[in-house]
Amino acid sequence: MRRKGNLYPEIISFENLITAAKKAQRSKRFRHTVLAFHNNLEGEIFQLQHELRTRTYQPGTPTTFHIYEPKPRLISAAPYRDRVIHHALFKVINPIFEPTFDAYSFANRVGYGTHAALRKFTKLCRSHKYILHCDIRRYFANIDHEILKTKLHHKIKCPDTLWLIDTLIDASNPQESDHTYFPGDDLFTPYNRRKGLPIGNLTSQFFANLYLSDFDRFIHRTLHITHYLRYMDDFALFSNDATMLDRARLKIETHLETLRLNIHLIKSQRFKTRIGANFVGFRVFPRTIRIRTDSLRRSSRRFDRLRNQADPDIQHILRSLQSWNAHLAHGNTWKLRQKILADFPSEWFTKNGGRQPKNAAAPGTTIRGTVDLRTVTTTRPTTSTGTLDFVLSVPSHSPSTLQPIGV
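Let me sum up the structure you'll find in this document. (Residues numbered from 1 in each chain as written. Predicted model: local features only at pLDDT ≥ 70, side-chain atom pairs only at ≥ 80, totals over all residues. Heavy atoms only, no water.)

Here's the deal with the overall build of the protein chain
Each helix and strand counted, the protein chain has 15 helices and 12 strands in total. In the protein chain, once contacts between residues fewer than 6 apart in sequence are set aside, the share between residues at least 24 apart is 71%. Accessible surface for the protein chain amounts to roughly 21200 Å². Of this, 51% is attributable to carbon and sulfur atoms. (Helix = DSSP H or I, 4+ residues; strand = E, 2+ residues; numbered from the N terminus. Contact = heavy atoms within 4.5 Å. Areas by Shrake-Rupley, 256 points an atom, 1.4 Å probe, with all protein chains shown as cover.)

Dropping the structure here:
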C-alpha cells in the first residue's frame, strides 16, 4: 500500500472536529468539563483548529487513578479537548490501517468486538483438542514508542499528521512497566527507550491494536496457523497437535522480543480445550459457556451499591441491568439471569401502575410497553424524557431447549 499524504486538512477541518466532539460527548454529556466545552462549542473548535494549524497544540495533563478489578491498573483519562482530537485523528487514519488488519484481530474494530470474538473462540474450542492461550505481560505499559512510530510512518507521509501523531505518543504519561533487557541491549537501553501508552484513550486502543498487526500476519503466514484469534493482547492458537503448539510458542516468544514484549509465563499455557478457557469475561467449554465467577462477583457488588443507595436512580439501574443481561445472554446463563432479576423489586420493572399488555405476544416477536423483565429476555433499551421504555423480545425457547452459542 502506498503511503498516504495530505491528510491534515481533513483532520483539522471544522466539520471533522465538530463530528469528533459529538462522538467524544457520548455517555459523558453531563460532566462539567463536557458541558463547559459544548457551551462554547464553536469557540472551542476554532481554538483547537488554530492550535493544530499553527502546531502549537499540546496535550493536557491526564487525570490518573488506579483500578484494582479485575487486576491493578493505572487509568489515565485525557482532558476532554484532547479526546476531541483523538476522535478527529482516528476518523481519518483508521480507514488507512483497517485494510491491513488481519481477520483474526477483534479488538477496537467495527463489525468485530467482544461478542464476535467470543463466538469465534467458542467455535474453535469445539473443533480442536488443544489450545495455546497467551497473554502479553503489561502490554500497554511496554509498547515501545520508536517501534510504534515506525509502523505509523510506514503508511503515512503527511508531515503535519505525523507531527500530531508523534505529539500524542510523546505526551503519554509514564506507565508502570519493568526495565526488561532484550537481545542486543546494552546496560542503559531499557532506561533510554520511551515506552507505554495510557489506558483509557481512543488513540491508545488504536495504536495498541496496530502494534500487533504484523504479529497476526506472522502467526498466519510464517507459522501457517489459521486457527487463531486475538483480542488486543489476549490471543489463542488452536490445534489437534500439542507438539505443534509447543513449537509455535517458542517461535512466538522469539518474535515478540523484536517488539520488546514478553508473554506472561503463568497466564500463557497450552492445555486441552475440554477443561475450559477464560476469554472476554466468560469461561468457554466445548459444550457450554459460563460467566466467570470474578465477573459475576464484581457485577453483584456494583448492583448492590446502586440498589442500596438512599435515593436510587431506578432508570439508571434498569439500563445497567438490561445491558448486563444482554451481555450474559451470550452464554448459557438463562437461570442465572432469572435469579438476578428476582433480586430487584418487581415494581421497578413495570410502568403505568404495573398493567400488562392485554394481548400476549407470540414467541419470537418484539413488543414495546409495559412488560415484566422477569419473564422476557431483554435486547436493547430506548429512553425518553421522564420514563424508561424497554424493547424486549419474547423468547421462542424454554430453559430446557437453550443451546450453547453456535449450536
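So that's the structure; there's more coming.
Observations regarding the packing of helix H4 (residues 41-53) against helix H5 (residues 80-97)
Running from N to C, H4 and H5 cross one another at 65°; their axes reach a closest spacing of 11 Å. Crossing of H4 over H5 shows right-handed handedness. On H5, the residues touching Gln47, Leu48, Glu51 and Leu52 of H4 are Arg81, Val84 and Ile85. When its residues are assigned to classes, the contact of H4 with H5 shows 4 nonpolar, 1 polar and 2 charged. (Axes fitted to C-alpha atoms, helices over the stretch in contact; angles between N-to-C directions. Left-handed = near helix turned anticlockwise from the far one by under 90°. Nonpolar A, V, L, I, M, F, W, Y, C, P; charged D, E, K, R; others polar.)

Brief notes about the sheet that holds strand S5 (residues 234-239)
Taken together, the 4 strands give an open sheet; going across it, the order is S4-S5-S3-S6, and neighbouring strands pair in antiparallel fashion. The open sheet terminates on both sides in strands that have one partner only, identified here as strand S4 (228-231) and strand S6 (269-272). If you compare each strand with its neighbour and ignore which way they point, the axes differ by 20° on average. Pairing between strand S3 (residues 130-135) and S6: 4 bridges, direction antiparallel. Within the sheet, the bridge partner assigned to Tyr130 lies in S6 and is Lys272. Sheet strands touched by helix H12 (residues 242-258): S3, S5 and S6. Its angle to S5, the strand with the most contacts, is close to 145°. (Pairing = 2+ DSSP bridges.)

Details of empty space enclosed by the protein
What the rule picks out here adds up to 2 cavities of 30 Å³ or more. The calculated volume of the largest cavity comes to roughly 190 Å³. Around the largest cavity, the lining comprises 19 residues; the ones closest to its centre are His86, Leu168, Ala171, Pro198 and Asn201. If you list the elements that add at least two residues to the lining of the largest cavity, you get H5, helix H8 (159-170) and helix H10 (202-211). A total of 3 residues in the lining of the largest cavity trace back to one element, the largest contributor, which is H10. By residue class, the composition of the lining of the largest cavity is 10 nonpolar, 8 polar and 1 charged. The volume enclosed by the second largest cavity comes to roughly 140 Å³. A per-class count over the lining of the second largest cavity returns 3 nonpolar, 4 polar and 6 charged. (1 Å grid on protein atoms, 1.4 Å probe; cavity = no way out; pocket = protein on both sides within 12 Å on 5 of 7 lines; lining within 4 Å. Points joined across faces, edges and corners; volume = space filled by probe spheres on them.)

A few points about the packing of aromatic side chains
Within a pair of aromatic rings, the relevant descriptors are the distance that separates the centres and the angle that separates the planes. This structure, assessed with the given rule, holds 16 aromatic pairs. A centroid spacing of 6.4 Å and a plane angle of 55° characterise the contact between Tyr228 and Phe235, whose relative ring orientation is tilted. A residue is classified by how much of its surface remains accessible, and Phe235, at 0% relative accessible area, is buried. Here the aromatic residues Phe90, Phe97, Phe101, Phe206 and Phe207 are joined through ring pairs into a cluster of three or more. Here the basic side chain of Arg109 rests over the ring of Tyr112, its NZ or CZ set 4.0 Å away from the ring centre. Stacked on the ring of Phe303, the Lys or Arg Arg302 has its end atom at 5.7 Å from the ring centre. (Phe/Tyr/Trp six-rings, centres within 6.5 Å; stacked < 30°, edge-to-face > 60°. Buried < 20%, exposed > 50% of the residue type's maximum accessible area, 1.4 Å probe, protein only. Lys NZ or Arg CZ within 6 Å of the ring centre and 35° of its normal.)

Describing the side chain of Ser204
Structurally, Ser204 is set in helix H10. Take Ser204: its relative accessible area is 4%, and that puts it in the buried class. Residues within four places of Ser204 in sequence aside, it is in contact with Phe140, Leu197 and Pro198.

Here we look at the nonpolar core
Membership of the largest hydrophobic core comes to 72 residues, with the highest contact counts inside it found for Tyr139, Leu164, Leu237 and Ile252. Considering each element in turn, this core owes the most residues, 10 residues, to H5. In contact with Tyr139, other than residues within four places in its own chain, are Ala208, Tyr211, Leu212, Met232, Asp233 and Leu261. Core analysis: the next-biggest nonpolar cluster, separate from the first, contains 31 residues, Phe282, Leu328, Phe344 and Trp348 among them. (Core = buried A, V, L, I, M, F, W, Y, C linked by side-chain atoms within 4.5 Å.)

Thoughts on the sheet that holds strand S7 (residues 277-279)
Taken together, the 3 strands give an open sheet; going across it, the order is S7-S8-S9, and neighbouring strands pair in antiparallel fashion. Edge strands, defined here as strands with exactly one partner in the open sheet, are S7 and strand S9 (289-291). When strand polarity is set aside, the average angle formed by the axes of neighbouring strands in this sheet is 30°. When strand S8 (residues 282-284) meets S9, the two strands line up antiparallel, connected through 3 bridges. Residue pairing for S9: Arg283 is matched across the bridge by Arg290.

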